[in-house]
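# What the coordinates show
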Amino acid sequence: VNIVWANILVAFCTSLVIAPVIIYHFNSIQIYSVLGNLFAIPICSIIVMPAILLSFFAFPFGFEYVPLKITEFGVDAINFVAKVVARLPYASFDVKSMSMMALLLIIAGIMWFFIWQRKWRYFGIIPVVCGVYLYILAPVPSIFANKYGQVFGIVSDKQIKVVNNSSYPLSVRLIDDWKKVVGVSNSSVEDKKILNINGVNVAFINKFFEYKKVCQGEADVIFAGFDSSKAYYKCNKKVFDRKFFKFSEGAEFFISKGKISYKTVEQYIGKRPWNMSEWQQDYTIPKNILNDLKVFE
């Protein structure tokens, strides 16, 4: 009974510590992780690790085949357990992305709580609560845009509505990445070119002849799949064009209470000589965009 109870505690603690890391990297929560670890940890401790250690002693004598086959058996058993647990109903569900700061706070608090044995261990609860608070209140993007300014994902009703102004098929991987960021599992195709998103009328166009019409119309913000500087008509509204998206490598936009802000992929990866072309080094974001919009640092 004590051995089983100890394994349950180890499995629970392991799952608890790993959960924030899984959310950060994979945007999902594993419901039965304790159950999986309950079987996987004994297999790893009793079969895999001793066999690996034994193989090091057997290498000089050419007898490493036997312990490595035992290791293979143990690894296959762990994979079998993982597959069985993953097939259980409601084994996992998607959640939104976690920031690095939230992850570090949660991990630091958990480590502090488990390392110390005195009363000050409970101070570890403070960074955990702060990390969870940051995670819950983190804004969710309202619009995603690819680096060509032709495919957009609008977050609505727990799904991604995709506006495709490209002549190419939709990238399944791109849409899946967007769904992981906000923690949704469904997507659909949106045919409308002008949408009201949290109080802001956003137009998605890909042709020059549509430019003047939406500029004079009800659109507050325009996403254009072409270089707006080459258009014969000068628009006095906020415009994000193909050149901006190509420079930024794509972006995510946050719309709340009639205000819009954004974060670009280029801001995530930084300006490095090996990932910038010559025209990117010369191009800067238009001043009217910088003045009108709050750029996320």
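Structure report, in brief. (Residues numbered from 1 in each chain as written. Predicted model: local features only at pLDDT ≥ 70, side-chain atom pairs only at ≥ 80, totals over all residues. Heavy atoms only, no water.)

## Overview of the overall build of the protein chain
Counting its regular elements, the protein chain contains 11 helices and 13 strands. Over its C-alpha trace the protein chain gives a radius of gyration of 25 Å, far above what one expects of a compact globule, namely 19 Å for 297 residues. In terms of its C-alpha atoms, the protein chain occupies a principal-axis envelope of roughly 80 × 50 × 40 Å. Of all 297 residues assigned to the protein chain, the portion counted as buried reaches 36%. Restricting to contacts in the protein chain with at least 6 residues of sequence separation, those with at least 24 account for 54%. Total accessible area on the protein chain stands at roughly 18,700 Å², and carbon and sulfur atoms take up 64% of it. For the protein chain, the distance from the average position of its 32 positive side-chain charges to the average position of its 21 negative side-chain charges is 5 Å. (Helix = DSSP H or I, 4+ residues; strand = E, 2+ residues; numbered from the N terminus. Rg over C-alpha atoms; globule rule 2.2 N^0.38 Å. Buried < 20%, exposed > 50% of the residue type's maximum accessible area, 1.4 Å probe, protein only. Contact = heavy atoms within 4.5 Å. Areas by Shrake-Rupley, 256 points an atom, 1.4 Å probe, with all protein chains shown as cover. Lys, Arg positive; Asp, Glu negative; His and termini not counted. Charge placed at Lys NZ, Arg CZ, Asp CG, Glu CD.)

## Describing the state of the cysteines
This model, assessed by the stated rule, comprises one disulfide. In this model C215 forms its disulfide with C235; the gap between the sulfur atoms is 2.2 Å. Because the sign of the S-S torsion sets the handedness, a value of about -120 degrees for the bond joining C215 and C235 places this disulfide among the left-handed ones. Linking C215 in helix α7 (residues 209-216) with C235 in the loop between β9 (221-224) and β10 (238-240), this pair joins segments that are 20 residues apart in sequence. (Disulfide = S-S within 2.5 Å.)

## Overview of the sheet that holds strand β7 (residues 194-197)
Spatially, β7-β8-β9-β10 is the arrangement adopted by the four strands of the open sheet, whose pairing is mixed. The outermost strands of the open sheet, each flanked by one partner alone, are β7 and β10. On average, each strand axis in the sheet is tilted by 25 degrees relative to the strand beside it, whichever way the strands run. Bridge analysis of strand β8 (residues 200-205) against β9 gives four bridges, and the strand direction is parallel. The residue of β9 that forms the bridge with A203 is I222. Here α7 sits on the sheet in contact with β7, β8, β9 and β10, set at roughly 170 degrees to β8. (Pairing = 2+ DSSP bridges. Axes fitted to C-alpha atoms, helices over the stretch in contact; angles between N-to-C directions.)

## Focus: unusual backbone geometry
Of all residues except glycine, most have a negative phi; of all peptide bonds, most are trans. Its identity as a non-glycine residue notwithstanding, N198 has a phi of 50 degrees, on the positive side. Relative to the helices and strands, N198 is located in the loop between β7 and β8. Classification of N198 by relative accessible area gives partly exposed; the value is 46%. Even without glycine at this site, E249 takes up a positive phi of about 65 degrees. On the secondary structure map, E249 appears in the loop between α8 (242-248) and β11 (251-256).

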